[in-house]
Amino acid sequence: MLENAITNKNKSFDYKDLTKELEKNLSALQQQIRNKKLPVIILLEGWGASGKGTLIKDMIKMLDPRFFKVFSTMPADEAERRYPMMKRFWEDIPEYGTISVMDRSWYQELAIAKMEDGISADEYARRIHTVNTFERQLSDDGYLIVKFFLHISQKEQKKRFLKLKEDSSTKWRVTELDKMRHKNYNEYYKQFDDMLTKTNTPHCPWRIIDTTDRSFTRFQVFNILVSQITNAVNTERIPSPVIEETSHRFELAPCKKLADVKLENKALQPTKYVDELKKAQKELAKLHGKIYKKKISVILLFEGWDAAGKGGAIKRVSYALDPRGYEAVPIAAPDKHELNHHYLWRFWNHLPKSGHITIFDRSWYGRVMVERLEGFTPPDRCAMAYNEINEFEAELTDEGIILLKFWMQIDKDEQLKRFNDRLNTPEKQWKITDEDWRNREKWDQYEEAVNEMIAKTSTKAAPWNIIEANDKLYARIKVMNIIIDALSARIKNQ
């Protein structure tokens, strides 16, 4: 692709006046971005000394600084390397109606990592897939991503490095790493070209510009930005076709429908429960120490009917854990800040670092349950969520995270019994709300939605565990034992 970079074929033409007009247009478009609630990512990659910093400076001088942010991507530090690769980039996606300008980006984890960090060909391919998925998910949610690769020849790069080194105030900008990359220009050229080819997608194409002529470069960048943003603010989003779960990455695991789950004869005597609980908590405490030493991350996800016992199970699990090594995250309706991002953004922000555990009390599955049934989200976006969730969970498990998903299953009579118990017990009354009763009236619709959710997202890598929870004691021990078995198996195999 690099051989097809946009070049200045009319070197006698003066682009300054045209560029000034485009700068004014970009400034005016920022208000339209605000009004349309269009999130924009402007991403600049390229060779050292290709002009990224100067372009960004020119770009933002016409913008209101309250509604954009510039991110300069450095190699991941020790703390960032304890999380999945894309976490730090998900954290930086812009709110709807604002702009993020990326001085380098997630692409440093691809070609540069292949050349300098020694990642394998398989890991490189996995990261390519991860980045393409990330960009498509944002694009499907209405994000505009404009990607520039700034290209210069080896000869031009040498010329610019020499000029920088001549001035004492700029010579520091030419590092030993820059010199090494320049020396091996041809090898980096091949790797950059491969990366650009494999990430040049219909929803996020690359704009490759030869930046030898700086005036021409500024014109091209501003012209592309104005054109792309104008088109985006004047075009209604057309729903993307729903992607079916056909990839081998999402091989589905067989799972029962809720109506076929037998709840009777699933009980535990209180005396036996006490012994079983002590035993399980003691074992889980040992395992928590082992996964910390081995840097194994764990996500425990709890969904289920209102009053099905999620909180009770979470409490017994967390009691066994070192409080320094886990976080329990209760998921309620998204607040204003969360609604201004892609729905997965808030969950990426709560992922555990290596050796730690995150417990989700409800989760991203609200997208295909309450958001779907209550009409909070457009139907096409809800339909697309099954594949997005499978992609998200595949990213987590591919990164080595243990993901255990629990659906706490009770019948309608048991739920009514527990609702009434909460009403009649002063210290429990806070647990019962009008929303609980409204949801109960839609039991059949929710059951249908849950069955579809389980059928489409119970993958071999992240299957659903349906817990018979009419008896709370039985349910808690079953959850504990599933966790213990999963952690023990991973520790044994690692």
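Please refer to the structure higher up on the page.
Quantities reported herein were computed from a predicted structural model and do not represent experimental measurements.

Criteria and cut-off values
Residues numbered from 1 in each chain as written. Predicted model: local features only at pLDDT ≥ 70, side-chain atom pairs only at ≥ 80, totals over all residues. Heavy atoms only, no water. Helix = DSSP H or I, 4+ residues; strand = E, 2+ residues; numbered from the N terminus. Buried < 20%, exposed > 50% of the residue type's maximum accessible area, 1.4 Å probe, protein only. Areas by Shrake-Rupley, 256 points an atom, 1.4 Å probe, with all protein chains shown as cover. Lys, Arg positive; Asp, Glu negative; His and termini not counted. Charge placed at Lys NZ, Arg CZ, Asp CG, Glu CD. Salt bridge = Lys/Arg side-chain N within 4 Å of Asp/Glu carboxyl O. Pairing = 2+ DSSP bridges. Axes fitted to C-alpha atoms, helices over the stretch in contact; angles between N-to-C directions. 1 Å grid on protein atoms, 1.4 Å probe; cavity = no way out; pocket = protein on both sides within 12 Å on 5 of 7 lines; lining within 4 Å. Points joined across faces, edges and corners; volume = space filled by probe spheres on them. Nonpolar A, V, L, I, M, F, W, Y, C, P; charged D, E, K, R; others polar. Parallel < 35°, antiparallel > 145°, perpendicular 65-115°, else oblique. Left-handed = near helix turned anticlockwise from the far one by under 90°. Contact = heavy atoms within 4.5 Å. Phe/Tyr/Trp six-rings, centres within 6.5 Å; stacked < 30°, edge-to-face > 60°. Polar contact = N/O pair within 3.5 Å; in protein donor to acceptor, adjacent residues only side chain to side chain.

Enquirer: How would you explain the overall build of the chain if you had to name every residue and give the values?
Expert: Secondary structure summary: the chain contains 19 helices and 10 strands in total. Structurally, the chain occupies a C-alpha span of about 90 × 45 × 40 Å along its principal axes. Across the 494 residues in the chain, those meeting the buried criterion constitute 53%. As displayed, the chain has an accessible area near 24,300 Å², and 51% of this comes from carbon and sulfur atoms. Of the side chains in the chain, 82 bear a positive and 74 a negative charge, and the two mean positions are spaced by 4 Å.

Enquirer: Please provide a residue-by-residue account of the pattern of salt bridges, values included.
Expert: By the definition in use, this model includes 35 salt bridges. Put simply, D141 and R381 hold a salt bridge, and the shortest N to O gap is 3.2 Å. Taken as a pair, D141 in the loop between α5 (121-140) and β4 (144-151) and R381 in helix α15 (residues 379-398) lie far apart in primary sequence, 240 residues in all. Residue D141 is classed as buried on the basis of its relative accessible area of 15%.

Enquirer: Give me the environment of K412: which residues, what numbers.
Expert: One can find K412 in helix α16 (residues 412-423). By relative accessible area, which is 36% here, K412 ends up partly exposed. For the pair K412 and N470, spaced 58 residues apart in sequence, the C-alpha separation works out to 9.9 Å.

Enquirer: Can you explain the sheet that holds strand β6 (residues 298-304)? Please cite residues and give values.
Expert: With parallel pairing, the 5 strands of this open sheet are ordered in space as β7-β8-β6-β9-β10. Only two strands of the sheet have a single partner each, and these edge strands are β7 (326-330) and β10 (464-468). Between one strand and the next, the sheet's axes are offset by a mean angle of 20 degrees, whatever the strand orientation. Across 7 bridges, the pairing between β6 and strand β9 (residues 402-409) is parallel.

Enquirer: If you had to explain the layout of surface pockets to someone new, which residues and values would you point to?
Expert: Here the second largest pocket defines a volume of roughly 1,400 Å³. Taken together, 48 residues make up the lining of the second largest pocket; nearest its centre are K52, D103, R104, D178 and R181. Residue contributions to the lining of the second largest pocket peak at 6 residues, all from helix α6 (residues 154-166). Tallied by class, the residues present in the lining of the second largest pocket amount to 15 nonpolar, 10 polar and 23 charged.

Enquirer: Which residues make up empty space enclosed by the protein, and what values go with them?
Expert: Per the stated rule, a full pass over the model turns up 5 cavities of 30 Å³ or more. If you trace the largest cavity, you find 12 residues lining it, with T130, T133, F134, E391 and E395 closest to the centre. Of all the secondary structure elements, the ones that give two or more residues to the lining of the largest cavity are α5 and α15. Breaking the lining of the second largest cavity down by element, the ones donating at least two residues are α6, α7 (176-183) and α8 (185-198). With 3 residues, α7 is the largest single contributor of residues to the lining of the second largest cavity. When its residues are assigned to classes, the lining of the second largest cavity shows 5 nonpolar, 4 polar and 3 charged.

Enquirer: Break down the packing of helix α2 (residues 52-60) against helix α9 (residues 214-233) for me, with residues and values.
Expert: Two measures define how a pair of helices packs: the angle their axes make with one another and the distance between the axes. Across the interface, α2 lies against α9 with an axial gap of 11 Å and an inter-helix angle of 50 degrees. Between α2 and α9, the crossing angle belongs to the class labelled oblique. In this structure, α2 meets α9 at a crossing whose hand is right-handed. Contacts from L55, D58 and M59 in α2 reach T217, R218, V221, F222 and L225 in α9. Its residues assigned to classes, the contact of α2 with α9 shows 5 nonpolar, 1 polar and 2 charged.

Enquirer: Could you give an account of the sheet that holds strand β2 (residues 68-72), naming the residues involved and the relevant values?
Expert: The strand order across the open sheet built from 5 strands is β2-β3-β1-β4-β5, with neighbouring strands paired in parallel fashion. What marks the edges here is a single partner per strand, and that holds for β2 and β5 (206-210). Adjacent strand axes in the sheet meet at a mean angle of 20 degrees, parallel and antiparallel pairs treated alike. The pairing of β2 with strand β3 (residues 99-103) spans 5 bridges and is parallel. In the strand pairing of β3, K69 is matched with S100.

Enquirer: Break down the packing of aromatic side chains for me, with residues and values.
Expert: According to the stated counting rule, one finds 27 aromatic pairs in the structure shown. A centroid spacing of 5.9 Å and a plane angle of 75 degrees characterise the contact between W305 and W407, whose relative ring orientation is edge-to-face. You can see W305 sitting in the loop between β6 and α11 (310-319) and its partner W407 sitting in strand β9, a full 102 residues away along the chain. The two residues W305 and W407 agree in class, both being buried.

Enquirer: Kindly report on the side chain of T73, identifying the contributing residues and their values.
Expert: Secondary-structure assignment places T73 in the loop between β2 and α3 (87-91). You can call T73 buried: its relative accessible area is 10%. Here the side chain of T73 touches R104 through a polar contact of 3.0 Å, landing on its backbone oxygen. With near-sequence residues (within four places) excluded, T73 lies in contact with R88, F89, M102, D103, R104 and S105.

The quantities given are spatial measurements derived from coordinates; they are silent on function.
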